[in-house]
Amino acid sequence: MLGDRSGGTVRLERDGGVAVIVIDNPPVNAGSTAVRRGLLDAVATVAADPDLEAAVLIGAGKTFIAGSDLREFGQPLEEPQLPAVIAAIEACAKPVVAALHGAALGGGFELALGCDARVAASGTRVGLPEVTLGMIPGAGGTQRLPRLVGASTAIGLICEGRRVSAADALALGLVDAVVEGAVAEGDGAQSLRALAIAHARGLAGAKNRVADRGVPAERAERIEAAASAALRAGRGRPPVVEAIRAVRAAAERPLDEALAEERAVFQRLRLETEAFARRHLFFAERDSARLPELEGVAARRLERIGVIGAGTMGTGIVIAALDSGLPVTLLERDAQALECGMARLRDHYARRVDGGKMSAGEAGKRLAALDPTTSMVALATADLVIEAVFEDLTVKQDLFRRLDAVLAPGTVLASNTSYLDLDAIAAATVRPQDVVGLHFFSPANVMRLLEVVRGAKTAPDVLATGIALAKRLGKLPVVAGNAFGFIGNRIYAAYRRQCEFLIEEGSLPADVDAALERFGFAMGPFAVADLSGLDIAWRMRRQQAATRDPAARYVEIPDRLCEAGRFGRKTGAGYYRYPSGAKRGEPDPEVTALIEAASAAKGIARAAVSDEEIVTRVLLTMVNEAACLLSEGVAARASDIDLVLVNGYGFPAWEGGPLFWAGRQDPAWLAAGLARLGDLSGPGFRLCDPGVLRAA
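Keep in mind it's a predicted model, so treat the numbers as computed, not measured.

Analysis parameters
Residues numbered from 1 in each chain as written. Predicted model: local features only at pLDDT ≥ 70, side-chain atom pairs only at ≥ 80, totals over all residues. Heavy atoms only, no water. Helix = DSSP H or I, 4+ residues; strand = E, 2+ residues; numbered from the N terminus. Rg over C-alpha atoms; globule rule 2.2 N^0.38 Å. Contact = heavy atoms within 4.5 Å. Areas by Shrake-Rupley, 256 points an atom, 1.4 Å probe, with all protein chains shown as cover. Buried < 20%, exposed > 50% of the residue type's maximum accessible area, 1.4 Å probe, protein only. Pairing = 2+ DSSP bridges. pLDDT = per-residue confidence, 0-100. Polar contact = N/O pair within 3.5 Å; in protein donor to acceptor, adjacent residues only side chain to side chain. Core = buried A, V, L, I, M, F, W, Y, C linked by side-chain atoms within 4.5 Å. Axes fitted to C-alpha atoms, helices over the stretch in contact; angles between N-to-C directions. Arc of directions from axis to C-beta. Salt bridge = Lys/Arg side-chain N within 4 Å of Asp/Glu carboxyl O. Parallel < 35°, antiparallel > 145°, perpendicular 65-115°, else oblique. Nonpolar A, V, L, I, M, F, W, Y, C, P; charged D, E, K, R; others polar.

Asks: What exactly am I supposed to notice about the overall build of the protein chain here?
Replies: In terms of helices and strands, the protein chain carries 28 helices and 19 strands. Scaling as 2.2 N^0.38, a compact globule of 696 residues should have a C-alpha radius of gyration of about 26 Å, and the protein chain matches this with 28 Å. Principal-axis analysis of the C-alpha atoms gives the protein chain an extent of 90 × 60 × 50 Å. For the protein chain, restricting intrachain contacts to residue pairs at least 6 apart in sequence, the fraction spanning at least 24 positions comes to 73%. For the protein chain, the exposed area adds up to about 28,300 Å²; of that, 54% sits on carbon and sulfur atoms.

The structure is reproduced here in structure tokens:
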């Protein structure tokens, strides 16, 4: 084993005059110190052996190199570092071909770009995702990629962290050949290896370094447009700014200078808070579906699903399923409602075709996998049925009761409820063990987050099936226990209440929204409320009125808005007013007067609240409610809560989530702040022990 000082991860095999350098570091061939050391030793062997004319780099197992070992990035990097390996490949007088399969991402793709040619199996994905991890490519990615695709395309690829398919990579010139049908194991892997060896021999000993090429000439306005789009999409975050600057340098500065500057920026960014936060979220995503009680538990069959309800949420779920290749039976109560849903689906795919995102043939294929019906009997062939009907417990219980008579034994019954008691829904059936919550976020075909809710009697394989469906749909599954609002809406309800306290005390909706958006939230809570509709929460408050603690602090302002018919954007007025054609809401003097009157009625002397106070109170509210969720077992891990808030509620990813933020605060300050929050929030506020956060 080359470079073996702890078990070995790289080996050199021979095929005549071609060295095949095999990277074998399961499970994903992460580019660790041992891998880099082994590669450097292998390249030195190739360079020194007169019997070898070329080399091929290939990964063992299911992938080439799926990226660097992220655990290394928060500490001093050991030598040799990746730029030294790539420099050795480029300095080697003999050509080196990268044979890619599975994934070649981050440092893995930078390594491939340092080779003289690249061939790929048809299912390969390549890309440079470092910006999405709070860094920039640090081993030449910002310099070699624009030499292949031009600066404007490189800016888009790097700043988005886009993963490119083998076919698109071939069209862009990122790879030189694609092997159709090649796979990680067996004959396919041999055909990839054989093609790479043949390609290496075909180079006839000649080097073909990407670094020797110039950056293709482009119009300045094209590059400016790409940079502006990337800055908007990336919200001007430092990694985006630095990535754009580094790509521009590829055409403006000598290669050695630009590479040195790229590396210096990478080394700085990888140790800043944003990079730690994003790595935290990366590992949280990896772990979110891992539950000890599900180890070895197989999911049930998932070959067809049923969706009940063809409204906005139901059709979004249908699109997500069809796009994943799952056939769907869509049930509505009558022909008119069904046709409205079908029109929404046809319009979605027509827009995809018109926008060049999909061929007409593919759109037709997806719609052909849909069976629309008004007969519940048609659901009998589904392996899992999701209800997306009106958010009313009686309606859902009646529906599940009727499904009992139709669905085959073992069919999974899923509720898309966002607040209701899953166990009360399951109790309406004779098989509560088959019931699971699948809380999609709107729009369901776009939002990645999916809360998989475990009821008191949910069987382990049913929970596993919910997780499997989430993955099949390309969603991020987070498991939650059955409690009001589960994880996300429970915290959001507490967060929204605190913001209502703030406007009762002296802030205005625009003050709160602006402070939180400056912190990094995608939208402030009052803009969100107007977008989703104030009547939804109003209906829930009225349902809960009889059980509400009469001593608890309660803000009537949103009720007064609803009583005035101000339900948000859909009525042209809510917390803000929405003149025709306005892209954003405008502050409304009528709302200001209503808020001031509500404060006066309670004898509250209004006083301005600083941005810092607004943000601190909101974050502490989230942290406190998260501590409650952890202590109650509703959330299994602190990192799960961070995933939910970042992916479902617009919490800034560069802050890592509310509990990652809390972990960076002084414990004494945090405890004092939470105690003060309890005093400010008044009766009915439950203060939870922040010590549970450290235990989680």
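Having put the structure on the table, let's press on.
Asks: Looking at this structure, how should I read the environment of A298?
Replies: Tracing the sequence through the fold places A298 in the loop between α11 (273-287) and β10 (305-308). It is 9.4 Å that separates the C-alpha atoms of A298 and A468, two residues lying 170 residues apart in sequence.

Asks: How do you make sense of the pairing of strand β6 (residues 117-121) when you look at a structure like this?
Replies: Residues in a regular strand project their side chains so that they alternate between the two faces of the sheet. The buried fraction of β6 is high, at five of five residues. Side-chain alternation along β6 places A117, V119 and A121 on one buried face and R118 and A120 on a second face that is also buried. Bridge count for strand β4 (residues 96-100) against β6 is four bridges, and the pairing is parallel. Directly across from L100, in β6, lies its bridge partner A120. In the sheet, β6 pairs with strand β9 (residues 177-179) via three bridges, with the strands oriented parallel.

Asks: I would appreciate a short explanation of the environment of T45 in the present structure.
Replies: With respect to the helices, strands and loops of the structure, T45 is situated in helix α1 (residues 33-48). For the pair T45 and L12, spaced 33 residues apart in sequence, the C-alpha to C-alpha distance is 9.0 Å.

Asks: Could you clarify how one ought to interpret the confidence of the model for the protein chain in this entry?
Replies: Reading fine detail from the predicted coordinates is not recommended where pLDDT is low. Per-residue confidence for the protein chain gives a mean pLDDT of 94; residues scoring 70 or more make up 97%. In the model, residues 3-7 has pLDDT below 50 throughout and makes seven contacts with residues more than four positions away in sequence or in other chains.

Asks: I keep staring at the side chain of N489 and nothing clicks. Help me out?
Replies: Among the structural elements, N489 can be located in helix α18 (residues 488-505). Here the side chain of N489 touches Y649 through a polar contact of 2.8 Å, side chain to side chain. With sequence-adjacent residues up to four places away left out, N489 is seen in contact with S418, Y419, H439 and Y649.

Asks: What exactly am I supposed to notice about the nonpolar core here?
Replies: Nonpolar side chains tend to gather and get buried jointly when the protein is soluble and globular. One finds L403, I487, L516, Y575 and I641 to be the most contacted residues of the largest nonpolar core, which totals 87 residues. Excluding anything up to four places from it in sequence, L516 contacts Y495, C499, F521, P525, I614, V615 and V618. Counting 67 residues, the second largest nonpolar core, distinct from the first, contains V43, L148, I223 and V247.

Asks: What is the right way to look at the sheet that holds strand β8 (residues 164-165) in this model?
Replies: Sheet strands pair via backbone hydrogen bonds, and the direction of the pair is either parallel or antiparallel. Overall, mixed pairing links the three strands, which are arranged β5-β7-β8 in an open sheet. The sheet terminates laterally at β5 (103-105) and β8, the two strands that pair on one side only. Across three bridges, the pairing between β5 and strand β7 (residues 125-127) is parallel. Residue pairing for β7: L105 is matched across the bridge by G127.

Asks: Would you mind going over the sheet that holds strand β3 (residues 54-59) with me for this structure?
Replies: Pairing in this open sheet of six strands is mixed, and the strands run β1-β2-β3-β4-β6-β9 from one edge to the other. Whereas interior strands pair on both sides, the edge strands pair on one side only; in this sheet they are β1 (10-15) and β9. Averaged over neighbouring strand pairs, the angle between their axes works out to 25 degrees when direction is ignored. Where strand β2 (residues 18-23) and β3 come together, six bridges link them in parallel fashion.

Asks: Where do I start with helix α19 (residues 509-519) in this structure?
Replies: For an α-helix the count is 3.6 residues per turn, leaving residues at separations of three or four pointing the same way. Turning to α19, its buried residues are P509, V512, D513, A515, L516 and F519. Looking straight down α19, one finds that the buried residues subtend no more than 165 degrees of arc, so they occupy a single side. The elements touched by buried residues of α19 are α18, α20 (525-532), β18 (576-577), α23 (589-601) and α24 (611-632). One or two steps after α19, the chain reaches G520, where phi turns positive at roughly 140 degrees.

Asks: Where do I start with the pattern of salt bridges in this structure?
Replies: Where side chains of opposite charge bring their charged atoms close, a pairing between them can arise. All chains considered together, the criterion is met by 56 salt bridges. Taking the shortest distance from any N to any O, the salt bridge between E293 and R454 comes out at 2.7 Å. Within this pair, whereas E293 is found in the loop between α11 and β10, its partner R454 is found in strand β16 (residues 449-454), the two being separated by 161 residues in sequence. Notably, a salt bridge pairs R333 with D334, separated by 3.5 Å at the nearest N-O pair. Looking at R333, the relative accessible area reads 67%, which means it is exposed. Looking at D334, the relative accessible area reads 30%, which means it is partly exposed. Through salt bridges with shared partners, a single ionic network connects E504, E505, R553, E556, K602 and R617.

Asks: Would you take a moment to explain the packing of α11 against helix α25 (residues 638-648) for this structure?
Replies: Two numbers describe a pair of packed helices, the interaxial angle and the distance between the axes. Direction vectors running N to C along α11 and α25 enclose 105 degrees, while the axes themselves pass 9 Å from each other. Classified by the angle their axes make, α11 and α25 are roughly perpendicular. Of α25, the residues touching α11 (which contributes H280, L281, A284 and E285) are S639, D642, L643 and V646. For the contact of α11 with α25, the per-class residue count stands at four nonpolar, two polar and two charged.

Asks: Help me out: how do you make sense of the environment of E78 in this one?
Replies: With respect to the helices, strands and loops of the structure, E78 is situated in the loop between β3 and α2 (82-91). Each C-alpha atom of the pair E78 and D461 lies 43 Å from the other, and the pair is 383 residues apart in sequence. Ignoring sequence-local partners within four residues, the contact set of E78 consists of T33, R36 and R37.

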